[in-house]
Amino acid sequence: MITSQFRVFLLFGTSLLPAFAAQHGTLQAGAAKVDITPSADAALPMSGFSGRKEGFKGIHDHIYVRAIVFSDGTRLAAIVAGELIGVPNAVWEELSQRIAKETNIPPEYLLLAAVHDHSAPAPFGMYGNSSSKSAAYTNQVEDATVQGIRQAKESLQPAKIGIGTGRAYLNVNRREYSPDTGWWLGHNLEGPSDKTVTVIRIDALSGKPIALLVNYAVHAVVMGGDNYQISGDLPGATSRFIENYYRGKPDDAPRNDAGAAIQLRPEQATESVVALWTSGAAADQNPNSLAPNSDFTLVDALGKILGEEAVRVAAAIHTTDRARIWGKQQVFTCPGRKVAPGPLPRKEYKWEDSDPVSIRLGLLTINDIALAGVSGEVMTMIQRHLKRESPFTRTVMVTHANGSSGYIPDDAAFEQVSYEIYTSRLKPGCAENSIVNGFLDLMEQR
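Attention in this report is confined to the structure presented alongside it. Just so we're clear, the structure is a prediction, and the values are computed from it rather than from any experiment.

Here we take up the packing of helix H2 (residues 89-103) against helix H3 (residues 132-154). The geometry of H2 relative to H3 is characterised by a closest axis approach of 11 Å and an angle of 35° between their N-to-C directions. For the crossing formed where H2 meets H3, the hand is right-handed. Touching Val91, Glu94, Leu95, Arg98, Ile99, Glu102 and Thr103 of H2 are Thr138, Glu142, Asp143, Thr145, Val146, Ile149, Arg150 and Lys153, all from H3. Here the residues of the contact of H2 with H3 are counted per class, giving five nonpolar, three polar and seven charged.

Below you can see the structure in the form of structure tokens.
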């Protein structure tokens, strides 16, 4: 357990950075993206909505796995995000070892995340999916992930890195109370909701961006359960806008009155930028507007709004070519429970003991940036708790990373039995403090 004295010491760590100069190297970075769109006739089962009983029927836009690889001259690390609903535990266990063997990036220095896309094929083993067609597709995704990391590593070049934050009002707390049915999915303007858009910008020494990492807390469910077309949904639209923006594509150029900060300078234009989107603590966060049927207009609009804010933030970031990379992971287990059968939603629920639930924490730090990966869907208040306690003022929670532990509510949220509580496999009183204290312990080791 980290001591209060040590926390105080680290809170003033920015003034002590010169003392660690000998441990810093020169940053190198590379990025890549690989298409993981299935063939149009594959008809694979989709993820995220239990009411869908058929495979997908078309492809609206392609989906990708994106990778950024970092080196400080001593250590290699990778951040990966796939436009899928999650990373099944079995996939993490096998793929992390394969990545270590084929790229020399150890699991402790790997954040292997999904954007939680509900308009993507269901990975094998996720939410009980046992389709043989999904198994073959998941193997293809694993191959593409290794390919993306390998390509990113091969493109390593001297680089600079920096971080900044902005705000976007695209998410809303979705735990709404009804006198008739109690708490369930809905629209709750009074509930906690983090509007922070975090951007990590990685540049070549020329100033051209190599990659942007964007983190925002929202479910990728602009398209609902009646959509049967493959799409990257909001994360895909955001990444697509950012990548097209830096390519200088006229169709995606913002109007002049969008502000000076968003006007692309010619020397920044590049064809190879990668915009990697990660999900923050979004378990209780939905887009503030949802699309009907198969109309993707709203997806593109929200992606443009979030993408423009990311670009504004990126324009103001100060970068450094110095780097110190460090990674460590730990797994803890909480008691499990399940809900007794009955109609949904309802005011009264009964619970039964169930199997314990393991949660994996992965801490990856680059200088004073702490990327806190959690293997599940984390609710907003846990992220706030971690940020409040963290000695790193630049702490970014990346969810759906390195496995799948399901919904992870904060302790207080269990008192209001919403969809997230009903679906969670956890007993109250364990996960929140275990996550926060676990990361604090890892930060102390760093």
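This brings us to the nonpolar core. Counting 128 residues, the largest nonpolar core has Phe70, Ile202, Ile242, Ile359, Val374, Ile408 and Phe439 as its most contacted members. In contact with Ile202, other than residues within four places in its own chain, are Ala29, Ile68, Phe70, Ala159, Lys160, Ile161, Pro209, Ile210 and Ala211.

Across its 23 residues, H3 extends 33 Å between first and last C-alpha, which sits within 8% of the 33 Å expected from 1.5 Å per residue. If you check which residues of H3 are buried, you get Ser134, Tyr137, Thr138, Val141, Glu142, Ala144, Thr145, Val146, Gly148, Ile149 and Ala152. Along its buried surface, H3 packs onto strand E2 (28-35), strand E4 (64-71), strand E5 (76-82), H2 and strand E6 (110-114). Where H3 starts, the residue carrying a side-chain oxygen 3.2 Å from the main-chain nitrogen of Lys133 turns out to be Ser131.

Attention now goes to the packing of aromatic side chains. If you walk through the whole model with that rule in mind, you get eight aromatic pairs. Aromatic side chains Tyr407 and Tyr419 sit 5.8 Å apart centroid to centroid with 90° between the ring planes, which places their arrangement in the edge-to-face category. Taken together, the residues Tyr407 in strand E21 (residues 407-408) and Tyr419 in helix H7 (residues 419-423) connect sequence positions twelve residues apart. Given the relative accessible area of 24%, Tyr419 is considered partly exposed. One aromatic cluster is present, formed by Trp184, Tyr349, Trp351, Tyr407, Tyr419 and Tyr422 through successive ring pairs. The ring of Tyr64 has Lys33 sitting right over it, with the charged end atom 4.4 Å from the ring centre.

To continue, consider the sheet that holds strand E8 (residues 171-178). The strand order E9-E8-E14 describes an open sheet built from three strands, whose pairing is antiparallel. Both edges of this open sheet fall to strand E9 (182-188) and strand E14 (285-287), since each of them pairs with a single strand only. Shown here is a sheet whose adjacent strand axes are inclined to one another by a mean of 50°, direction ignored. As judged from the three bridges shared by E8 and E14, these two strands associate in the antiparallel manner.

Rules used in this analysis
Residues numbered from 1 in each chain as written. Predicted model: local features only at pLDDT ≥ 70, side-chain atom pairs only at ≥ 80, totals over all residues. Heavy atoms only, no water. Axes fitted to C-alpha atoms, helices over the stretch in contact; angles between N-to-C directions. Helix = DSSP H or I, 4+ residues; strand = E, 2+ residues; numbered from the N terminus. Left-handed = near helix turned anticlockwise from the far one by under 90°. Contact = heavy atoms within 4.5 Å. Nonpolar A, V, L, I, M, F, W, Y, C, P; charged D, E, K, R; others polar. Core = buried A, V, L, I, M, F, W, Y, C linked by side-chain atoms within 4.5 Å. Buried < 20%, exposed > 50% of the residue type's maximum accessible area, 1.4 Å probe, protein only. Expected span 1.5 Å × (residues − 1). Polar contact = N/O pair within 3.5 Å; in protein donor to acceptor, adjacent residues only side chain to side chain. Phe/Tyr/Trp six-rings, centres within 6.5 Å; stacked < 30°, edge-to-face > 60°. Lys NZ or Arg CZ within 6 Å of the ring centre and 35° of its normal. Pairing = 2+ DSSP bridges.

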